[in-house]
2 protein chains.
Amino acid sequence: MNTFAHQTLKTYDLRHTGCREAILMAFYEQPTALSHGHLEELLPNLYDRVTIYRTLKTFVEKGIVHKVLDEDGIRYALCKTACSHQHHHHDHVHFKCVACGQTTCLETIVIPQIALPNGYKSQEINLLVQGTCLSCNVTIDSNTY
Amino acid sequence: MNTFAHQTLKTYDLRHTGCREAILMAFYEQPTALSHGHLEELLPNLYDRVTIYRTLKTFVEKGIVHKVLDEDGIRYALCKTACSHQHHHHDHVHFKCVACGQTTCLETIVIPQIALPNGYKSQEINLLVQGTCLSCNVTIDSNTY
DNA sequence: CTGTGTGCAAACACTTTGCAGGTGT
DNA sequence: ACACCTGCAAAGTGTTTGCACACAG
């Protein structure tokens, strides 16, 4: 029984099941945001497609993971420490590499203040940066020589 | 024959057809981003679902409209003057009102410089702000009294 | 033991593809 | 006249729902 998964499920008052543990571990081990399809590949034939959908939905509702939107669809990533149980913060910066296709959560970057038009109120901000990541840039550069 | 639609189609080297004119007019008249579903409702039974899909795809490829991502899926909005034919700029700020569900393009707001981690290169930035818009705030406030 | 989670089947929604015929230039 | 656009049918993909059984607490 894995400690991280066990702790997380306990914290959020969810039953400890194989599928939930496996998905939590997948997120824990992968530094990138995962789509439903990714999870299906990572946990081949272990759990039903539908169960994965339902598990993801549960995790989003509980605030364990958050949705990441990019051009290819919806992905999910763990909410890090900044998201406590009560005080869930929703401002996320995501980086999508157009070369390798990986999407990562940039936890360290703070979104600057945005001046909205008068009368508009902001609740949540999502920033998606698309470009090339460190390892892909290295590859591209070395191929250039 | 509508001037705006006619001009746009001419500029982008596209044939002038009923469906294309109707969709361009819909975007022109609506200040908000439209999804495929919205267009189907706005142009009821005039054109086939498939034709609307294909028209949208064509417009995106030509740079006439751009995709807007929000939690509910993909929408489209006209690229304004800042996007010229050759020099297409991809940095967009979108505001989604959680009360009325409308998504608008905030053309006037400039995205601040984001400090990416070393070795990362940015090509395109998308910022989605969610909150309540002017007219919804007015409604909410007046109901409070 | 009880309520929740899972698997399976099926329904549903969204989007793409192939093809024949119609239309703009 | 020709290339391109459209409509229809069908397939493909992603997601949700209903129900019976299994399992965690």
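Described in the following lines is the structure provided in the data block. (Residues numbered from 1 in each chain as written. Chains lettered and ligands numbered in written order. Predicted model: local features only at pLDDT ≥ 70, side-chain atom pairs only at ≥ 80, totals over all residues. Heavy atoms only, no water.)

It is worth spelling out the relation of the copies chain A and chain B at this point. When chain A is brought onto chain B, the operation consists of a screw motion whose angular component is 179° and whose axial shift is 0.0 Å, with 0.1 Å RMSD remaining. What we have between these two chains is a two-fold relation. If distances are taken from each C-alpha of chain A to the rotation axis, the shortest is found for Leu 127 of chain A, at 2.3 Å. Comparing interface residues between copies, 100% of those in chain A also sit at the interface in chain B, which points to an isologous, same-surface contact. (Least-squares fit on C-alpha atoms with pLDDT ≥ 70 in both. Contact = heavy atoms within 4.5 Å.)

For the largest pocket, the calculated volume is near 390 Å³. Glu 71 of chain A together with Lys 67, Leu 69, Glu 124 and Asn 126 of chain B are, among the 26 residues lining the largest pocket, the residues nearest its centre. Breaking the lining of the largest pocket down by element, the ones donating at least two residues are strand 1 (65-70) and strand 5 (121-132) of chain A together with helix 4 (49-62), strand 2 (65-70), strand 4 (92-97) and strand 6 (121-132) of chain B. Element by element, the count of residues in the lining of the largest pocket is highest for strand 2 of chain B, at 5 residues. Class assignment for the residues of the lining of the largest pocket results in 10 nonpolar, 10 polar and 6 charged. (1 Å grid on protein atoms, 1.4 Å probe; cavity = no way out; pocket = protein on both sides within 12 Å on 5 of 7 lines; lining within 4 Å. Points joined across faces, edges and corners; volume = space filled by probe spheres on them. Helix = DSSP H or I, 4+ residues; strand = E, 2+ residues; numbered from the N terminus. Nonpolar A, V, L, I, M, F, W, Y, C, P; charged D, E, K, R; others polar.)

Residue and element names in this part refer to chain A. Relative to the helices and strands, Thr 58 is located in helix 4 (residues 49-62). Under the relative-accessibility criterion, Thr 58 is labelled buried at 18%. The spacing of Thr 58 and Arg 20 is 38 residues in sequence and 9.8 Å in space, taken between C-alpha atoms. If near-sequence neighbours (up to four positions away) are discounted, Thr 58 is found in contact with Leu 14 and Arg 20. (Buried < 20%, exposed > 50% of the residue type's maximum accessible area, 1.4 Å probe, protein only.)

What is meant by a disulfide is a covalent connection between two cysteines, made through their sulfur atoms. Residues and elements named next belong to chain B. Evaluation of the coordinates by the stated rule reveals 0 disulfides over all chains. Cys 19 forms no disulfide, and the closest cysteine sulfur to it belongs to Cys 79, at a distance of 18 Å. Of the residues examined, Cys 19 reaches a relative accessible area of 6% and is grouped as buried. (Disulfide = S-S within 2.5 Å.)

Contacts between chain A and chain B engage 33 residues on the former and 33 residues on the latter. Summed over both sides, the interface of chain A with chain B buries roughly 3000 Å², with 61% coming from carbon and sulfur. Applying the counting criterion to the chain A and chain B interface returns 0 salt bridges. For the interface between chain A and chain B, the tally reads 10 residue pairs in polar contact (both at pLDDT 80 or more). Tallying contributions element by element places strand 5 of chain A first for the side of chain A that touches chain B, with 12 residues. In the side of chain A that touches chain B, the residues fall into 17 nonpolar, 10 polar and 6 charged. Judged from the 11 bridges that link them, strand 5 of chain A and strand 6 of chain B form a sheet pairing that is antiparallel. Looking at the pairing, Val 129 of chain A lines up with Ile 125 of chain B of strand 6 of chain B. (Buried area = accessible area lost by both parts, 1.4 Å probe. Salt bridge = Lys/Arg side-chain N within 4 Å of Asp/Glu carboxyl O. Polar contact = N/O pair within 3.5 Å; in protein donor to acceptor, adjacent residues only side chain to side chain. Pairing = 2+ DSSP bridges.)

Among the 6 residues of strand 2 of chain B, 5 are classified as buried, and the element is accordingly described as predominantly covered. The antiparallel pairing of strand 2 of chain B with strand 3 (residues 73-78) of chain B creates a hairpin that spans 2 residues between the two strands.

What follows is about the sheet that holds strand 3 (residues 92-97) of chain A. Strand order in the open sheet formed by 6 strands is 4(A)-3(A)-5(A)-6(B)-4(B)-5(B), with mixed pairing between adjacent strands. What marks the edges here is a single partner per strand, and that holds for strand 4 (103-105) of chain A together with strand 5 (103-105) of chain B. Across this sheet, the average inter-strand angle for adjacent strands is 20°, counted without regard to direction. Alignment of strand 4 of chain B against strand 5 of chain B, held across 3 bridges, turns out to be antiparallel. Looking across to strand 5 of chain B, one finds that Lys 96 of chain B is bridged to Thr 103 of chain B. (Axes fitted to C-alpha atoms, helices over the stretch in contact; angles between N-to-C directions.)

This part covers the side chain of Thr 32 of chain A. All names here are of chain A. In this fold, Thr 32 is placed in the loop between helix 2 (18-29) and helix 3 (36-42). Given a relative accessible area of 10%, Thr 32 falls into the buried group. In this view, Thr 32 contacts Gln 102, Thr 103 and Thr 104; residues no more than four positions away in its chain are not counted.

What surrounds DNA strand C is a group of 17 residues, the closest being Thr 17, Arg 20, Thr 51 and Arg 54 of chain A together with Tyr 53 of chain B. For DNA strand C, the fraction of atoms within 4 Å of the protein that belong to sugar or phosphate moieties is 62%. Taking Arg 20 of chain A, its side chain carries an N or O atom lying 2.5 Å from a phosphate oxygen of DNA strand C. In the model, a phosphate oxygen of DNA strand C is placed 3.0 Å from a nitrogen or oxygen of the His 16 of chain B main chain. Among the secondary structure elements, those contributing two or more residues to the surface near DNA strand C are helix 2 and helix 4 of chain A together with helix 4 of chain B. For the surface near DNA strand C, the residue count by class is 6 nonpolar, 4 polar and 7 charged. (Near = heavy atom within 4 Å.)

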